[in-house]
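# Structural description and commentary
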Amino acid sequence: MRKNSRLEKPVNATITAVGMYTPDKILDNKYFESILDTSDEWITSRTGIKERRILENGGTSVMATKAMEDLIKTYNVNPEEIDAIIVATITPDMFFPSTSCLVQDNIGAKNAWAFDMAAACSGFLFALQTGASLIESGAYKKVAVIGADKMSSIVDYTDRNTCLLFGDGAAAVLLEGTEDLEYGLIDTKLYSDGAGRKSLYMKAGGSATPPTHETIDQRLHYVYQDGKAVFKVAVKGMADVAVEVMERNGLTSEDVAYLVPHQANLRIIDATAKRMGLTDDKVCKNIQKYGNTTAATIPLCIVEYFKEGKIKKGDNLILAAFGGGFTWGGAYIKWSLD
Ligand code: UT7
């Protein structure tokens, strides 16, 4: 038995507290009509996006901290009892220290160890699996998992192919163990395929191509996306994995209360729901308000739908994501929070 395992009975990791933050500043489609050759009609029909939120001051840690403060206040959580903090993000405040370390300090979680996880749009699912493993091992009792991205810091507002797709936001969950093994994170199926790296990436700024005057002049430190190529694999990848998670857990469309999909494109979301046999009222969507907030989309959807009283204790949720890497995956949660 590992020295720091305190496990007497097996536990599932389950969400016991939630919080979220979206910045106040809104960029609507009219704004993009005023700066680019595009239209509200094109953006709405091709993506489903109407508005996105923009963080004006500070980095991703500002939003991740506010999401945690919402969680702490709403659920009366003592930050000193948090054992670990994982921030899923591809827009850290800086290369190092990690954004999670900044959050750890900001919220006074002085007994927590903290690290970031970079898996782009699948980041929250990857972090959820990692956080759950820490709980299930018995080594840790309370793990905070946060999805947060300030995409406005890495999109090129002169590129109509990408800039209007993305926005900023953060949401957080607290994981704890439950001995009632019917509840919590029941299953995940996660994938990576680095062969997709040239379809969605940032060309410069990292260790392979450190920033220079030339890379800045050539605008290589922004998101590059071959939209059509990503669309093709995303629409298949997200639907396949969502159905795979349903099938391997013996769930029919009747059993599923909500699909919580990554919010990159309404057409991808609708195709996934159709493959799962779900009606529209069983699909969590906030893409119209926030656009694609990368690692934040799935937790933002969960937290908003829960706060609005739509997600209830006992609901079966299927989470599904696809994004840069490529990374993709699905998860099955039986919701336990009242
Ligand atoms: O979150 C990470 C994973 N990412 C995704 O899942 C995103 C996947 N891709 C997509 O969501 C879609 O491919 C986009 C929304 C990015 C683009 O939609 P599309 O239907 O694939 O459009 P397209 O790139 O094939 O472009 C169609 C037309 C082109 O014009 P022509 O060649 O047909 O004359 C584009 O030049 O639309 C044009 N276009 C625009 N027109 C107005 C491209 N961007 C715009 C724009 N406004 N912003």
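This text goes with the structure placed above it.
Let me begin by describing the structure that accompanies this report. (Residues numbered from 1 in each chain as written. Predicted model: local features only at pLDDT ≥ 70, side-chain atom pairs only at ≥ 80, totals over all residues. Heavy atoms only, no water.)

On to the pairing of strand β7 (residues 168-178). The element β7 is extensively covered by neighbouring structure, given that 9 of its 11 residues are classed as buried. As defined by bridge partners, strand β1 (residues 12-21) adjoins β7 across 9 bridges and the pair is classed as antiparallel. The residue bridging V18 from the neighbouring strand is V173, located in β7. In this sheet, β7 lies alongside strand β6 (residues 143-150) in antiparallel orientation, the contact comprising 8 bridges. Looking at the pairing, A148 lines up with A170 of β7. (Buried < 20%, exposed > 50% of the residue type's maximum accessible area, 1.4 Å probe, protein only. Helix = DSSP H or I, 4+ residues; strand = E, 2+ residues; numbered from the N terminus. Pairing = 2+ DSSP bridges.)

Here the focus is the site of the ligand. T38, R46, K228, N265 and N292 are the nearest of the 25 residues found near the ligand. One of the side-chain N or O atoms of R46 is found 2.8 Å from an oxygen atom in the ligand. The contact in question runs from a nitrogen atom of the ligand to an N or O atom on the side chain of Q225, over 3.0 Å. Coverage of the ligand by the protein chains reaches 75% of its 950 Å² of free accessible surface. At a threshold of 2 Å from the grid points, most atoms of the ligand map onto the largest pocket. Of all the secondary structure elements, the ones that give two or more residues to the shell around the ligand are α2 (40-47), α7 (227-248), α8 (266-276) and β12 (316-323). Considering every element that reaches the shell around the ligand, the biggest residue donor is α7, with 5 residues. Split into classes, the residues belonging to the shell around the ligand amount to 11 nonpolar, 9 polar and 5 charged. Each of domain 1 (12-183) and domain 2 (185-334) contributes no fewer than three residues to the shell around the ligand. (Near = heavy atom within 4 Å. Polar contact = N/O pair within 3.5 Å; in protein donor to acceptor, adjacent residues only side chain to side chain. Areas by Shrake-Rupley, 256 points an atom, 1.4 Å probe, with all protein chains shown as cover. 1 Å grid on protein atoms, 1.4 Å probe; cavity = no way out; pocket = protein on both sides within 12 Å on 5 of 7 lines; lining within 4 Å. Sits in = over half its atoms within 2 Å of the grid points. Nonpolar A, V, L, I, M, F, W, Y, C, P; charged D, E, K, R; others polar. Domains from an automatic or database assignment.)

In globular proteins that are soluble, nonpolar side chains generally tend to be buried together. Among the nonpolar cores identified, the biggest contains 46 residues, and L319 and W335 are the most heavily contacted of them. Sorting elements by how many residues they give to this core places helix α5 (residues 123-136) first, with 8 residues. Looking at which domains feed residues into this core, each of domain 1 (12-183) and domain 2 (185-334) supplies at least three. Discounting residues that sit within four places of it in the chain, L319 has contacts with L125, L128, V260, I298, I302, G329, G330, A331 and I333. (Core = buried A, V, L, I, M, F, W, Y, C linked by side-chain atoms within 4.5 Å. Contact = heavy atoms within 4.5 Å.)

With that settled, the discussion passes to the sheet that holds strand β13 (residues 327-334). In space, the 4 strands of this open sheet follow the order β8-β13-β12-β11, with mixed pairing throughout. A strand with exactly one partner marks an edge of an open sheet, and here the two such strands are β8 (184-192) and β11 (258-261). For this sheet, the mean angle separating the axes of adjacent strands, direction not counted, is 15°. Where β8 lies against β13, 8 bridges are found, and the strand directions are antiparallel. Residue pairing across strands places Y191 opposite W328, the latter belonging to β13. Against the sheet, α7 contacts β8, β11, β12 and β13, and its axis sits at roughly 150° relative to β12. Strands β11 and β12 of the sheet are contacted by α8, whose axis makes an angle of about 145° with β11. (Axes fitted to C-alpha atoms, helices over the stretch in contact; angles between N-to-C directions.)

Reported here for the largest pocket is a volume of approximately 1200 Å³. If you trace the largest pocket, you find 45 residues lining it, with F166, L200, V223, Q225 and V230 closest to the centre. Among the secondary structure elements, those contributing two or more residues to the lining of the largest pocket are α2, β9 (200-202), β10 (223-225), α7, α8 and β12. By residue number, the principal contributor to the lining of the largest pocket is α7, which donates 6 residues. Split into classes, the residues belonging to the lining of the largest pocket amount to 23 nonpolar, 14 polar and 8 charged. Forming the boundary of the second largest pocket are 19 residues, of which F95, M202, A204, G205 and G206 lie nearest the centre. Classifying every residue of the lining of the second largest pocket by side-chain character gives 11 nonpolar, 7 polar and 1 charged. (Points joined across faces, edges and corners; volume = space filled by probe spheres on them.)

Mapped onto the fold, N12 is located in strand β1. Within the local environment of N12, its side chain forms a polar contact with the backbone oxygen of L181, the two atoms lying 2.9 Å apart. Ignoring anything within four residues of it in the chain, the contact list for N12 reads E176, G177, T178, L181, Y183, L185 and I186.

Right, let's get into unusual backbone geometry. Along the chain, F96 connects to P97 via a cis peptide bond; the corresponding omega equals 0°. Mapped onto the fold, P97 is located in the loop between β4 (84-88) and α4 (99-107). With a phi angle near 55°, R219 is a residue other than glycine that sits in the positive phi range. With respect to the helices and strands, R219 occurs in the loop between α6 (213-217) and β10. Even without glycine at this site, T294 takes up a positive phi of about 55°. Here T294 lies in the loop between α9 (287-290) and α10 (297-307). You can call T294 buried: its relative accessible area is 2%.

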